[in-house]
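Here are the chains, one letter per residue:
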Amino acid sequence: MRITVCFTGLKTEPWVQGLRAALPQASVEEWRTGASQADYAVVWAPPQQFLDEQPRLKGIFNIGAGVDALLQRRLPPQALVIRLDDAGMSMQMAEFVCHALIRHFRELDGYEADVKQGKWSYRKPRPRSEMPVGIMGLGVLGERVARAVAQFDFPVLGWNRASRTIPGVRCYAGQAAFSEFLAGTRVLVCLLPLTAETENIMNRETLSRLLPGGYVINVARGAHLVDDDLIALLDSGHLAGAALDVFRTEPLPAQHPFWRHPKITLTPHTSARTLRDESIAQIAGKVLALARGEPIAGVVDVKRGY
Ligand code: NAP
Ligand code: GLV
């Protein structure tokens, strides 16, 4: 069995070595133009030329959870597209979102600013019942985040395409329930995949429906959010702040207003990183399962977009 590794902007060698160790029976090589046909590919942002030169791939393993960028490419029609299925991401996402939520709820930025000025002062504790947290997308990451937030006794709402049942989470399903979900949410967390249906889903109209003093945590994709609408609602006071990990253009351009907005906290797309060892173990297990003709989890529905 032949496996080819093709990344843009990431070091390939440690993955090639790791895959060779995990699959000693396979031939694993970094892709070079003109290379012979492989059975499986392990990719990150592969150039179109790679996909055009490998028309007989059986499976394409994306080393991230989101496949929106990969699905923009012309893919060999018979190849399964397989996303990372947690592989250590959901725990990272849960700690990241809980941290952002609690930093906002406990006003830790305000305390930090006070301390920097040598000020010893208190803010009035807020009841957590007034801080309902609504999570859009109850998939691999969203469900873990919802369960983690519920552990802190915040009211938790979840919105998903298919209906879900998660202990401690009030679940809403489908477009018909979206308004009710937003109207009951003060802290909105986006964990949707980026698809034609979800692009720009956080805009002036939808964000205006959040409870006053709303807070936005976007850890999914930058294109879920309409940047100017967020800024307008922060400036009007309807929204209290935002924690943004993902952006329409990454790295975020130096002149973008998000860098300097006092109510926005930024991180450089780091809320849930791909963990190499966990990912290699998962991919190797799935390659072997496919070779045995067994079904695997994490196969993307290309038409649906995730
Ligand atoms: P997932 O398992 O595919 O879950 C996506 C969830 O969103 C599913 O439950 C799905 O509902 C729901 N959904 C999809 N379209 C919807 C719609 N139109 N309306 C309502 N619900 C919809 O994905 P995941 O692993 O949780 O990851 C989610 C996203 O996080 C990824 O796509 C990626 O963009 C992002 N991400 C970001 C980072 C980072 O570091 N910032 C890291 C990893 C992932 P159904 O159950 O009905 O299908
Ligand atoms: C990161 O953003 C991922 O989709 O894995």
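Note that residues are indexed from 1 along each chain, following the sequence as it is written. To label them, take the chains in the order written and letter them from A, then take the ligands in the order written and number them from 1. With the structure being a predicted model, the display of local features is reserved for residues of pLDDT at least 70 and the display and counting of side-chain atom pairs for 80 or more, all residues being used for whole-chain, interface and lining totals. Excluded from the side-chain calculation are hydrogens and water; included are all heavy atoms of the structure.

Next up on the list: the environment of alanine 69. Along the polypeptide, alanine 69 turns up in the loop between β4 (59-62) and β5 (80-82). For the pair alanine 69 and tyrosine 40, spaced 29 residues apart in sequence, the C-alpha to C-alpha distance is 19 Å. Going along the chain from the N terminus, every DSSP run of H or I of four or more residues is numbered as a helix, and every run of E of two or more is numbered as a strand.

Before going further, it helps to spend a moment on the nonpolar core. Of all hydrophobic cores here, the largest spans 53 residues; its most connected members are Val42, Val149, Ile217 and Ile283. When residues in this core are grouped by element, the largest group, 9 residues, is from helix α3 (residues 89-105). Here, two residues are considered to be in contact whenever any of their heavy atoms come within 4.5 Å of each other. Residues within four places of isoleucine 283 in sequence aside, it is in contact with Trp15, Leu19, Val42, Phe61, Ile63 and Leu84. Ranked by size, the runner-up nonpolar core spans 29 residues in total, among them Phe181, Met202, Val216 and Leu252. Grouping buried Ala, Val, Leu, Ile, Met, Phe, Trp, Tyr and Cys residues that are joined through side-chain atoms within 4.5 Å yields what is termed a nonpolar core. Burial classes follow relative accessibility: with a 1.4 Å probe on protein chains only, a residue under 20% of its type's maximum area counts as buried, one over 50% as exposed, and anything between as partly exposed.

This brings us to the sheet that holds strand β8 (residues 169-173). One requirement defines pairing of two strands: DSSP has to find at least two bridges between them. Taken together, the 7 strands give an open sheet; going across it, the order is β8-β7-β6-β9-β10-β11-β12, and neighbouring strands pair in parallel fashion. Edge positions in the sheet fall to β8 and β12 (264-266), since each has one partner strand and no second. Going across the sheet, the axis of each strand differs from the next one's by a mean of 15 degrees, ignoring polarity. Those strands touched by helix α8 (residues 227-236) are β10 (214-218), β11 (239-244) and β12, and its axis lies near 140 degrees from that of β11. Only the stretch in contact is used when fitting a helix axis, every axis being a line fitted to C-alpha atoms; angles between N-to-C directions are given from 0 to 180 degrees.

Time to look at the packing of α3 against helix α5 (residues 140-151). Between two packed helices, the angle of one axis relative to the other and the distance separating the axes together describe the packing. The N-to-C vectors of α3 and α5 enclose an angle of 45 degrees; their axes lie 8 Å apart at closest approach. It follows that α3 is oblique to α5 by the angle criterion. Viewed along their axes, α3 and α5 form a crossing whose handedness is right-handed. For the pair formed by α3 and α5, the contact residues are Met89, Ser90, Met91, Met93, Ala94, Val97, Cys98 and Leu101 on the first element and Val140, Leu141, Arg144, Val145, Ala148 and Val149 on the second. Orientation labels follow simple angle bins: below 35 degrees gives roughly parallel, above 145 gives roughly antiparallel, 65 to 115 gives roughly perpendicular, and whatever is left gives oblique. When the near helix sits turned anticlockwise from the far one by under a right angle, the crossing is termed left-handed; a clockwise turn instead gives a right-handed crossing.

What follows covers the packing of helix α1 (residues 13-22) against helix α9 (residues 276-291). Running from N to C, α1 and α9 cross one another at 45 degrees; their axes reach a closest spacing of 10 Å. Relative to α9, the element α1 lies oblique. Crossing hand, α1 versus α9: right-handed. Between α1 and α9, the contacting residues are Pro14, Trp15, Gly18, Leu19 and Ala22 on the first element and Arg276, Ser279, Ile280, Ile283 and Ala284 on the second. Nonpolar residues are Ala, Val, Leu, Ile, Met, Phe, Trp, Tyr, Cys and Pro. Charged residues are Asp, Glu, Lys and Arg, and all others, Gly as well, are polar. Among the residues forming the contact of α1 with α9, the class breakdown is 7 nonpolar, 2 polar and 1 charged.

Okay, the state of the cysteines next. Note on disulfides: each one is a pair of cysteine sulfur atoms within 2.5 Å. Counting across every chain of the model gives 0 disulfides. Note on cysteine 171: no disulfide assigned, nearest cysteine sulfur contributed by cysteine 190 at a separation of 16 Å. Exposure remark for cysteine 171: the relative accessible area of 26% places this residue in the partly exposed category.

Another aspect to go through is α1. All of the buried residues in α1 are Trp15, Val16, Gly18 and Leu19. Looking straight down α1, one finds its buried side chains confined to an arc of 165 degrees; they lie on one side. As for α1, its buried residues are in contact with β1 (2-7), β2 (27-30), β3 (40-44) and α9. By definition, the arc is the one covered by directions from the helix axis to the C-beta atoms.

The subject of this paragraph is the site of ligand 1. Think of it this way: one heavy atom of a residue within 4 Å of a molecule or strand is enough to make that residue near it. Close to ligand 1 lie 30 residues, the nearest being Arg83, Leu141, Asn160, Ala162 and Tyr306. Here a polar contact is taken to be a pair of N or O atoms separated by no more than 3.5 Å, where protein atoms must pair a possible hydrogen donor with a possible acceptor and residues adjacent in sequence count only if both atoms sit in side chains. Between leucine 141 and ligand 1, the recorded distance is 2.9 Å, taken from a backbone N or O atom to an oxygen atom. At 3.0 Å from a nitrogen atom of ligand 1 is found a side-chain nitrogen or oxygen belonging to glutamate 197. For the shell around ligand 1, the secondary structure elements donating two or more residues are α3, α5 and β7 (156-160). When residues in the shell around ligand 1 are grouped by element, the largest group, 3 residues, is from α5.

The subject of this paragraph is the sheet that holds β4. In spatial order, the strands read β2-β1-β3-β4-β5; together these 5 strands make up an open sheet with parallel pairing. Of all strands in the sheet, those bounded by a partner on one side alone are β2 and β5. Each neighbouring strand pair of the sheet contributes to a mean axis angle of 20 degrees, computed without reference to strand direction. As paired strands, β4 and β5 are joined by 3 bridges and run parallel to one another. Considered in β5, the bridge of isoleucine 60 is made with valine 81. Sheet contacts for α1: β1, β2 and β3; angle to β2, the most-contacted strand, approximately 180 degrees.

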